[in-house]
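Each chain, written out:
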Amino acid sequence: MVVKNLSVLIKERFLVKNASFSVDKGQCVGIIGEDKSGKTSLIKAIAGALPITDGSVVLDGENVCPGSPALKHISICLDPPVFFKFQTVLNNMQFLSGLSNNNDKEKIIKVLNKFNLAHKIKDKVKTLSFYEKKLMALALAFLTEPKLLLLDEPFKGLPEEKIDEIKAYIREIQAKGTAIIISTRSIERLQDMTNLFMFMEKRAITKILTYTQCETLSDKTYAFVAVKYPHYCGKAIMDEFQLKVKLLDNKVLFEADEDTTAEIVRYFSKNHIAVYKAGYLSKQSEKIFGNLAPYYKEEEQS
């Protein structure tokens, strides 16, 4: 599957900006980013659920677009999973698998049994737990045997033992040659699943890295203050403390020891500027994003 210069523009607002990458058969790729970074929009656009303004998605030589036969070979599991909640599990599976001409009841029961959901076949989806809905979405992917499987935050809100179970199912699909894209906020979640990560920020892919490259980038750790107005506070740190700064969401990043960081917090407190949090980037994903972010320049305020 090849994505080339893909953009989604709706009401003069970019949901995805100029994304380009490829995924081979049987390969798993991770999309890493905070909420509202564009992960879900990118996944929806690839699946044809959002109109592509510019660029293309090609699966096995076929353009993925409304009415394209290629859509039958793509399965998407959104967060939360989307089903007809007032219909039964069986009705949902039959209808959704029927979109790809694969709604054999016997096969559906067999797949549901694999995911320990066969006893829920007559239950309405609204009665299922969050975890059961996640499993149902994966069961649908097994049923249709897609060429491309798109998973949006498949591990979100699940206990560790359930995450391990879902990872085992994903590996099984992957072993059959299905290309897989998984979105998550944390690289730690996927480090045992894939060796290739796409980092998204402000609706764009900022970098595509291997896990080894990620480890190298996460060696350097920045101190930070989380504030309401990061541009203003970033300039204040540059002027008052002569430190170079970076901006990461609502955080201002800088290289400093604990005493200097404490002094910066005191400075903002004295000037009646609220600091929501201060410390050092601890999560690997945050460290990587911190190192990928450019240094802040005063003209960026305009």
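Here's what I pulled together on the structure shown here. (Residues numbered from 1 in each chain as written. Predicted model: local features only at pLDDT ≥ 70, side-chain atom pairs only at ≥ 80, totals over all residues. Heavy atoms only, no water.)

A word on the sheet that holds strand β2 (residues 13-22). Taken in spatial order, the four strands line up as β2-β1-β4-β5 in an open sheet, and their pairing is antiparallel. Where the open sheet ends on each side, the last strands, each with one partner, are β2 and β5 (62-63). For strand β1 (residues 2-10) and β2, the ladder comprises six bridges, and the chain directions are antiparallel. Residue pairing across strands places V2 opposite S22, the latter belonging to β2. Against the sheet, helix α1 (residues 39-46) engages β1, β2 and β4 (54-59), with an angle of about 65° to β2. (Pairing = 2+ DSSP bridges. Helix = DSSP H or I, 4+ residues; strand = E, 2+ residues; numbered from the N terminus. Contact = heavy atoms within 4.5 Å. Axes fitted to C-alpha atoms, helices over the stretch in contact; angles between N-to-C directions.)

For the structure on display, the rule yields eight aromatic pairs. Judged by centre distance (4.2 Å) and plane angle (40°), the rings of F115 and Y169 are tilted. One end of the pair, F115, is in the loop between α3 (105-114) and α4 (130-144); the other, Y169, is in helix α5 (residues 160-175), with 54 residues separating them in the sequence. Overall, F115 belongs to the buried group, its relative accessible area being 0%. Within the aromatic cluster, the residues linked to one another by ring pairs are F115, F142 and Y169. The ring centre of F155 lies 5.6 Å from the NZ or CZ of K167, which sits over that ring. Against the face of Y295 rests K246, its NZ or CZ located 4.7 Å from the ring centre. (Phe/Tyr/Trp six-rings, centres within 6.5 Å; stacked < 30°, edge-to-face > 60°. Buried < 20%, exposed > 50% of the residue type's maximum accessible area, 1.4 Å probe, protein only. Lys NZ or Arg CZ within 6 Å of the ring centre and 35° of its normal.)

Our next topic: the nonpolar core. Judged by nonpolar contacts, the single largest core of 52 residues is most densely connected at M93, F115, I170, I182 and F199. A total of ten residues in this core trace back to one element, the largest contributor, which is α4. Setting aside its immediate chain neighbours within four residues, M93 contacts G98, I108, L112, M136, A139, L140 and L143. The next biggest cluster of nonpolar side chains, apart from the first, holds 29 residues, and it includes M1, A47, L50 and I74. (Core = buried A, V, L, I, M, F, W, Y, C linked by side-chain atoms within 4.5 Å.)

Between α4 and α5, the least distance of the axes is 11 Å, while the angle of their chain directions is 5°. Judged by the inter-axis angle, α4 sits roughly parallel to α5. Packed against α4, whose contacting residues are Y131, K134, L135, L138, A141 and F142, the element α5 presents K162, E165, I166, Y169, I170, E172 and I173 at the interface. Looking at the contact of α4 with α5 residue by residue, the class counts come to nine nonpolar, no polar and four charged. (Parallel < 35°, antiparallel > 145°, perpendicular 65-115°, else oblique. Nonpolar A, V, L, I, M, F, W, Y, C, P; charged D, E, K, R; others polar.)

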